[in-house]
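# Structural description and commentary
The residues making up each chain are set out below.
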Amino acid sequence: MSPPVAVDLSVQIGALHLENPVIAASGTFGYGIEFAELTDLNRLGAIVVKGLSLEPMEGAPAPRLSPTAAGMLNAVGLQNVGVRRFISEKLPALRSYRALVIANVFGRTVEEYAEVVRHLEGAEGLAAYELNISCPNVACGGIQFGSHPQMAAQVVAATRKVSRRPLWVKLSPNVADIGAIGKAAEEAGGDALTVANTYPAMSVDFRGRKSRIGNPTGGLSGRAIKPITLRLVYEASRAVRIPVIGLGGIDTAEDVLEYFVVGASAVQVGTANFADPNACLRIISDLERLCASENICDINGLRGTFQSENH
């Protein structure tokens with residue numbers, strides 16, 4: 001009987017070294033510390049904390065979550081304690097874990113993004129920032145920062161000026177050309193792309209004639225979106241030279257490898273965490289076994305190996 005194949009799951013996202021490619025996604029893992037008694041945070045590649053704004057936000061009205069046929073609809077409304085309280089109340093406890101901590105950042109204006117990052121720059125224990133550019137720019141009539149290459153570039157450039165840490169840019173899927181948005185983010189100083197955020201969607205109770213969540217619309221996530229996001233990761237990775245992190249419907253080791261084949265350098269697990277707090281650890285363990293069974297010694301060797309000619 002041949003010895004088991006030694007598998008290297010470590011990945012490099014720009015300057016950051018991750019022990020494995022599985023990252024807990026923002027908004028699905030709290031501030032990370034809430035999961036410390038439910039799962040082993042030390043085994044995660046990284047944790048992206050829930051979005052941080054300049055001032056605390058109460059978020060959207062309840063109910064905020066509603067199951068769908070193959071996923072979930074959410075309208076949390078970016079509820080958070082604000083950047084100052086995160087630094088004083090949440091971050092200290094996270095420093096004792098090996099998993100890299102990524103701060104997800106958002107704002108209503110370009111200046112607010114930069115101001116949040118400026119506060120975080122003075123805090124120890126963070127590896128990078130993830131800029132959520134799927135937020136409406138109130139200074140420009142509510143248009144999403146991620147809707148146009150120029151607006152995306154403005155946010156990245158402004159935060160690049162005040163940041164010594166890597167910048168990941170989380171793109172919206174609700175665009176005509178995600179490659180153009182990604183390229184603009186890269187040229188403005190982005191170090192990696194997260195592809196992609198949730199999809200605008202609705203769930204309606206015909207009897208009550210109302211939404212099943214507190215808002216009329218929300219964001220669709222879960223297994224239903226994986227085929228669409230795979231395409232976006234494929235398109236984005238062909239347009240940029242910086243790493244692309246796949247996010248959308250990941251629940252199995254097979255999902256991870258599929259994202260790598262179309263160009264991802266790592267993945268984020270989101271909705272699966274709601275059903276199973278150990279989802280990330282399960283995927284990591286299964287990933288090691290799957291790679292061994294397929295004689296994949298280094299997961300990075302799969303990246304971008306998709307063959308467009310299907311014959």
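Quick note: structure is the one above.
Computed from a prediction, not measured in an experiment: that's the story for all the values here. (Residues numbered from 1 in each chain as written. Predicted model: local features only at pLDDT ≥ 70, side-chain atom pairs only at ≥ 80, totals over all residues. Heavy atoms only, no water.)

## Comments concerning the nonpolar core
Quick reminder of the rule: What is meant by a nonpolar core is a set of buried Ala, Val, Leu, Ile, Met, Phe, Trp, Tyr and Cys residues, joined one to another through side-chain atoms within 4.5 Å. The classification of residues rests on relative accessible area computed with a 1.4 Å probe and restricted to protein chains. Under 20% of the type maximum is buried, over 50% is exposed, and intermediate values are partly exposed. Helix and strand labels come from DSSP, where a helix needs a run of H or I of at least four residues and a strand needs a run of E of at least two; each type is numbered from the N terminus. The contact criterion used is simple: two residues touch if any of their non-hydrogen atoms lie within 4.5 Å.
Grouped together as the largest cluster of nonpolar side chains are 103 residues, with contacts concentrated most on Leu44, Phe86, Leu120, Ile133, Leu193 and Val195. Per-element tally for this core: the top contributor is helix H8 (residues 279–293), with eight residues. Setting aside residues no more than four positions away along its own chain, Val195 makes contact with Leu171, Ile178, Thr229, Leu232, Val233, Ala236, Val244, Ile245, Gly246 and Leu247.

## Let's talk about the sheet that holds strand S5 (residues 65–68)
Two orientations exist for strands paired in a sheet by backbone hydrogen bonds: parallel and antiparallel. Put simply, the test is: For two strands to pair, DSSP has to find at least two bridges joining them. Between the N-to-C directions of two axes lies an angle of 0 to 180 degrees, each axis being a line fitted to C-alpha atoms and, for a helix, fitted only over the stretch in contact.
Strands sit in the order S5-S6-S16-S13 across an open sheet of four strands; the sheet is antiparallel. The strands lining the two open edges of the sheet, one partner per strand, are S5 and strand S13 (199–201). Neighbouring strand axes in the sheet, compared pairwise and without regard to direction, differ in orientation by 35° on average. The pairing of strand S6 (residues 71–74) with strand S16 (residues 218–221) spans three bridges and is antiparallel. When the bridges of S16 are listed, Leu73 appears paired with Leu220.

## Remarks on the packing of helix H1 (residues 83–94) against helix H2 (residues 110–121)
Rules: Should an angle fall under 35 degrees it is taken as roughly parallel, and over 145 as roughly antiparallel, whereas 65 to 115 is taken as roughly perpendicular and any remaining angle as oblique. Take the far helix as your reference; a near helix turned counterclockwise from it by less than a right angle gives a left-handed crossing, and one turned clockwise gives a right-handed crossing.
With their axes 9 Å apart at the nearest point, H1 and H2 run at an angle of 25° to one another. When the interaxial angle is binned, H1 and H2 end up roughly parallel. At the point where H1 passes H2, the crossing takes the right-handed sense. When H1 is examined against H2, the residues Val83, Arg84, Phe86 and Ile87 are found in contact with a partner set consisting of Val116, His119 and Leu120.

## Some points on the pattern of salt bridges
Note the threshold: By salt bridge we mean one thing: a side-chain nitrogen of Lys or Arg within 4 Å of a carboxyl oxygen of Asp or Glu.
Tallying each qualifying case throughout the model produces 16 salt bridges. Arg289 is paired through a salt bridge with Asp286; the nearest N and O atoms lie 2.5 Å apart. One end of the pair is Arg289 and the other is Asp286, both in helix H8 and three residues apart, which spans about a single turn. According to the relative accessible area criterion, Arg289 is exposed, its value standing at 54%. Overlapping salt bridges, with partners in common, bring together Arg223, Lys226, Asp255 and Glu258 in one network.

## Notes on the environment of Val7
Along the chain, the position of Val7 falls in the segment before strand S1 (11–13). According to the relative accessible area criterion, Val7 is buried, its value standing at 17%. In this structure the C-alpha to C-alpha distance between Val7 and Cys297, which are 290 residues apart in sequence, comes to 4.5 Å.

## A closer look at the side chain of Thr159
In plain terms, the rule: Polar contacts, as counted here, are pairs of nitrogen or oxygen atoms within 3.5 Å of one another; within protein the pair requires one atom able to donate a hydrogen and one able to accept it, and residues that are adjacent in sequence qualify only if both atoms are side-chain atoms.
Residue position: Thr159 is located in helix H3 (residues 149–162). Accessibility expressed as a relative area gives 0% for Thr159, which makes it buried. Within the local environment of Thr159, its side chain forms a polar contact with the backbone oxygen of Val156, the two atoms lying 3.0 Å apart. Residues in contact with Thr159, not counting those within four places in the same chain, are Tyr113, Ala114, Val117, Leu131 and Leu167.

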